[in-house]
Protein chains: 2
Amino acid sequence: MDEIGVDALLCSVGPDLPYLTGYEAMPLERLTMLVVPRGSEAVLVVPRLEAPRVVERPDVFGVEPWDETDDPIRRVVDHARGARSVAIGDQTWARFVLALQDALPDARFCPASAVTGPLRVVKDADEIEALRAAAHIVDEIAIVMRDRPFAGRTERDVHRELVERMLDGGHERANFAIVASGPNAASPHHDPTDRRIKPGDVVLCDFGGTRNGYCSDITRMFHVGEPPAEVSDAYDALVVAQEAGVVAATVGTPCEAVDAAARSALVDAGLGDAFVHRTGHGIGMEAHEDPYVVTGNATPLAVGHAFSIEPGVYFPDRWGLRLEDIVVALPNGPERLNDAPRDLAIVG
Amino acid sequence: MDEIGVDALLCSVGPDLPYLTGYEAMPLERLTMLVVPRGSEAVLVVPRLEAPRVVERPDVFGVEPWDETDDPIRRVVDHARGARSVAIGDQTWARFVLALQDALPDARFCPASAVTGPLRVVKDADEIEALRAAAHIVDEIAIVMRDRPFAGRTERDVHRELVERMLDGGHERANFAIVASGPNAASPHHDPTDRRIKPGDVVLCDFGGTRNGYCSDITRMFHVGEPPAEVSDAYDALVVAQEAGVVAATVGTPCEAVDAAARSALVDAGLGDAFVHRTGHGIGMEAHEDPYVVTGNATPLAVGHAFSIEPGVYFPDRWGLRLEDIVVALPNGPERLNDAPRDLAIVG
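Computed from a prediction, not measured in an experiment: that's the story for all the values here. (Residues numbered from 1 in each chain as written. Chains lettered and ligands numbered in written order. Predicted model: local features only at pLDDT ≥ 70, side-chain atom pairs only at ≥ 80, totals over all residues. Heavy atoms only, no water.)

Caption draft 1: Fine view of the relation of the copies chain A and chain B. For the match of chain A to chain B, the screw axis carries a shift of 0.0 Å, the RMSD comes to 0.0 Å, and the turn is 180 degrees. Here the two chains are linked by the operation of a two-fold rotation axis. Same-surface contact between copies: 100% of interface residues of chain A are shared with the interface of chain B. (Least-squares fit on C-alpha atoms with pLDDT ≥ 70 in both. Contact = heavy atoms within 4.5 Å.)

Caption draft 2: Region of interest: the environment of A:Val54. All names here are of chain A. If you trace the backbone, Val54 turns up in the loop between β3 (43-47) and β4 (62-66). Taking C-alpha positions, Val54 is 24 Å from Ala94, a pair spaced 40 residues apart along the chain. In this view, Val54 contacts Tyr23, Leu44, Val46, Phe61 and Val63; residues no more than four positions away in its chain are not counted. (Helix = DSSP H or I, 4+ residues; strand = E, 2+ residues; numbered from the N terminus.)

Caption draft 3: Local environment of the interface of chain A and chain B. At the interface, 39 residues of chain A touch 39 residues of chain B. In this assembly, chain A packs against chain B so that about 3,600 Å² is buried in total across both faces, 59% of it on carbon and sulfur atoms. As a salt-bridge pair, B:Glu29 and A:Arg278 come within 2.5 Å of each other at their nearest N and O atoms. The interface formed by chain A and chain B holds 23 residue pairs in polar contact (both at pLDDT 80 or more) in total. The set of elements that each furnish at least two residues to the side of chain A that touches chain B consists of α3 (94-103), β6 (108-111) and α6 (155-169) of chain A. Per-element accounting of the side of chain A that touches chain B gives the leading share, five residues, to α3(A). Residues belonging to the side of chain A that touches chain B are distributed by class as follows: 17 nonpolar, ten polar and twelve charged. (Buried area = accessible area lost by both parts, 1.4 Å probe. Salt bridge = Lys/Arg side-chain N within 4 Å of Asp/Glu carboxyl O. Polar contact = N/O pair within 3.5 Å; in protein donor to acceptor, adjacent residues only side chain to side chain. Nonpolar A, V, L, I, M, F, W, Y, C, P; charged D, E, K, R; others polar.)

Caption draft 4: The nonpolar core, seen in detail. Membership of the largest hydrophobic core comes to 86 residues, with the highest contact counts inside it found for A:Ile88, A:Leu100, B:Ile88 and B:Leu100. If sequence neighbours within four positions are ignored, A:Ile88 has contacts with A:Leu10, A:Met33, A:Val97, A:Leu100, A:Phe109, A:Cys110, A:Pro111, A:Ala112, B:Ala94 and B:Leu98. A:Ala234, A:Ala265, A:Leu266 and A:Val313 belong to the second largest nonpolar core, which has 23 residues in total. (Core = buried A, V, L, I, M, F, W, Y, C linked by side-chain atoms within 4.5 Å. Buried < 20%, exposed > 50% of the residue type's maximum accessible area, 1.4 Å probe, protein only.)

Caption draft 5: Quick look at the packing of aromatic side chains. Applying the stated criterion across every chain, the model contains six aromatic pairs over all chains. Between B:Phe315 and B:Trp319 the ring centres are 4.7 Å apart and the planes differ by 50 degrees, which places this aromatic pair in the tilted class. Looking at B:Trp319, the relative accessible area reads 8%, which means it is buried. The residue whose ring lies beneath A:Arg263 is A:Phe275, and the NZ or CZ to ring-centre distance is 4.0 Å. (Phe/Tyr/Trp six-rings, centres within 6.5 Å; stacked < 30°, edge-to-face > 60°. Lys NZ or Arg CZ within 6 Å of the ring centre and 35° of its normal.)

Caption draft 6: Seen up close, the sheet that holds strand β5 (residues 85-88) of chain B. All names here are of chain B. Spatial strand order, β4-β3-β2-β1-β5-β6: six strands in an open sheet with mixed pairing. Edge positions in the sheet fall to β4 (62-66) and β6 (108-111), since each of these pairs with one other strand and no more. For this sheet, the mean inter-axis angle between neighbouring strands, taken without regard to orientation, is 20 degrees. Bridge count between strand β1 (residues 8-11) and β5: three bridges; the pairing is parallel. Paired with Ala8 across the bridge in β5 is Val86. (Pairing = 2+ DSSP bridges. Axes fitted to C-alpha atoms, helices over the stretch in contact; angles between N-to-C directions.)

Caption draft 7: Broad picture of the domain arrangement of chain A. Residue and element names in this part refer to chain A. Taken domain by domain, chain A comprises domain 1 (8-120) and domain 2 (125-347). One C-alpha centre belongs to domain 1, the other to domain 2, and the line joining them spans 34 Å. The interface is formed by six residues belonging to domain 1 together with six residues belonging to domain 2. Across the domain 1/domain 2 interface, buried area totals approximately 510 Å², and carbon plus sulfur atoms make up 41% of it. Our enumeration of links across domain 1 and domain 2 arrives at three salt bridges. Residues Arg173 and Glu24 are paired through a salt bridge, measuring 3.1 Å at the closest nitrogen-oxygen approach. (Domains from an automatic or database assignment.)

Caption draft 8: Examining the sheet that holds β4(A) more closely. Residue and element names in this part refer to chain A. One open sheet accounts for six strands, arranged β4-β3-β2-β1-β5-β6; its pairing is mixed. Here the strands that pair on one side only, and so sit at the sheet edges, are β4 and β6. Across the sheet, the axes of successive neighbouring strands diverge by a mean angle of 20 degrees, strand direction being ignored. Summarising the sheet, strand β5 (residues 85-88) and β6 pair through four bridges and their orientation is parallel.

Caption draft 9: A look at the environment of B:His223. Structurally, B:His223 can be placed in strand β10 (residues 218-224). For B:His223, the side chain forms a polar contact with the main-chain oxygen of B:Gly225, separated by 2.7 Å.

Caption draft 10: Spotlight on helix α8 (residues 255-268) of chain B. Residues and elements named next belong to chain B. Helix length check: α8 (14 residues) gives 20 Å between terminal C-alpha atoms against 20 Å at 1.5 Å per residue, within 8%. Of the positions making up α8, those classed as buried are Cys255, Val258, Asp259, Ala261, Ala262, Ala265 and Leu266. Burial along α8 is one-sided: seen end-on, the buried residues are contained in an arc of 155 degrees. Buried residues along α8 sit in contact with α7 (229-248), β12 (289-293), β13 (306-309) and β14 (312-315). (Expected span 1.5 Å × (residues − 1). Arc of directions from axis to C-beta.)

Caption draft 11: View of the pattern of salt bridges. Residues and elements named next belong to chain A. Throughout the structure, instances matching the rule amount to 68 salt bridges over all chains. Put simply, Arg146 and Asp343 hold a salt bridge, and the shortest N to O gap is 2.8 Å. Of the two residues, Arg146 is situated in the loop between α5 (125-145) and α6 and Asp343 in the loop between β17 (333-336) and β18 (345-347); the sequence distance between them amounts to 197 residues. For Arg146, a relative accessible area of 24% corresponds to the partly exposed category. Since its relative accessible area comes to 39%, Asp343 is described here as partly exposed.

Caption draft 12: Local environment of the environment of A:Val46. Along the chain, A:Val46 falls in strand β3. For the pair formed by A:Val46 and A:Trp66, sequence separation is 20 residues and the distance between their alpha carbons is 6.1 Å.

Caption draft 13: Here's a closer look at the pairing of β1(B). Residue and element names in this part refer to chain B. With burial as the criterion, each face of β1 is covered, one bearing Ala8 and Leu10 and the other bearing Leu9 and Cys11. With four bridges connecting them, β1 and strand β2 (residues 33-37) associate as antiparallel partners. Paired with Cys11 across the strands is Leu34, a residue of β2.

Shown next, in the form of structure tokens:
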């Protein structure tokens, strides 16, 4: 905060608050906000009825419950009084941003990630262990799914199985479970439907959850019966591209060069136009966070950066493929946290 | 927009976008935003890889996908060009609010609810039917739970059962399932833990989900074995207070008078200090929305307002009780949408 001249840091919903305090705000209309004035004590302004959820840490922050007829904006402003530069949590609801701007008309607002981003992007050993443990849960699920039936089931049914396996496996929260079959696999962020999976379908499963505050995220591909040459050839190219992305992810390499490594492998295979998204995203307490592995991001990878490498190819109305692992940049080179088999699994 | 002089309405994550278009934005770092310029056509600016999720409705809005290296803020600003008054979705992430304010330095921003609130707060017949159908799902679950075992199970285990029953029952999403046993029931928004429920415990179950875009929300109380007089007496008073709140919720009555009706019943029973929250919240596409049944809200109820009536009493470190139904204000009087039995269920 000193370095960038921020007078007050305000954190609400989103990962900054649990990162700093261990407490996660409920995404509701009653404002929860941690106020960190530069050089003085942090205070968590929290609705009275949620105060019992707070695990108190008096060495880190005070707790100030507000009652139903109080004005929480006023409470926050009282603690941030005099702040001329305010950093506000990136996911804070607009209604609270606007109310705080009205109440602090002389303050300049910037996103809290200006303060917390450089801290959160570098994972320490404990955080890497947490990501590894989360990755292990979804690895085990990806392995089990190789022996599960797919044909005749709906996408929604397989989605449900993935969610339940994540919860059974130790995730406190299942964040998403994309199950995209046949032509639906051409939609990278497909929502599961009642479409019944049938012989000859590709099935893309991309799923992740949160364990002890840290996220998992994996994509594995399944094919009902033997794939045609066109699919297996594209899949082989995808494996090469994903490996190229992982190998390129060494400390000091710009993020965009990692993207380019995976992308050029697909271009070489004649599949460049089918790869319609970036190569990856950072991961930590958020499923998507810095650093983004994308053209235009010249940030060099540093020790402790954790991110996905997930090239994909998509053919509208026909099929699509994606392959994803979480990778950490370490002094001795990139390390995959996922180790489930990466071949195209043939299922029934 | 004409009435309040808004030049452009911008909707992102949250319920306004699906309310207006049927499309729900993913809560991620890639911006999805509907731009509704006053007097001209609406455009949905959406990440390329999520465009296949959009069910197109060319009569309602155009679709403009952006690529990974495009600047979505620029796209939004291009469509909102010249807007001096901008209404932005209440739950839009702060990082996008700030970026849009930078890009539209001469515009005044207000919350989108200034535009959408008056539309969304009044439920038409189809919306009431949707709320009724959602309520029916959780009613059935509340009834089934009366015959289920509680003692020896963890809160987390019962939570999981409620979530699965909501999904099995037809909710596309389980929004929350509070299971608070014994002293934990004194925490109104308790998160389920590994505490094992035991004989003599009260168990508060407050759960809800989304079906066809509309929410359910119910609270029922269970007691493992016969309750002591202190608990059953308080519960009786709570039933009276909840009934008083429901009966008061007639068209034209100010929201705060409904709150006062429930509250004064608990005050009369000597339990006023234990009722630490408002009486209720509106419900629709959001689990909590206008109108809020709270002291200070003088808004009179109108036909089609839908809201919870949920008084509760809480005794820190000991126990707590809450009873909740969803109610709609109709010309002939308030109608409960929930009809599961409202007694204190004795369970094993």
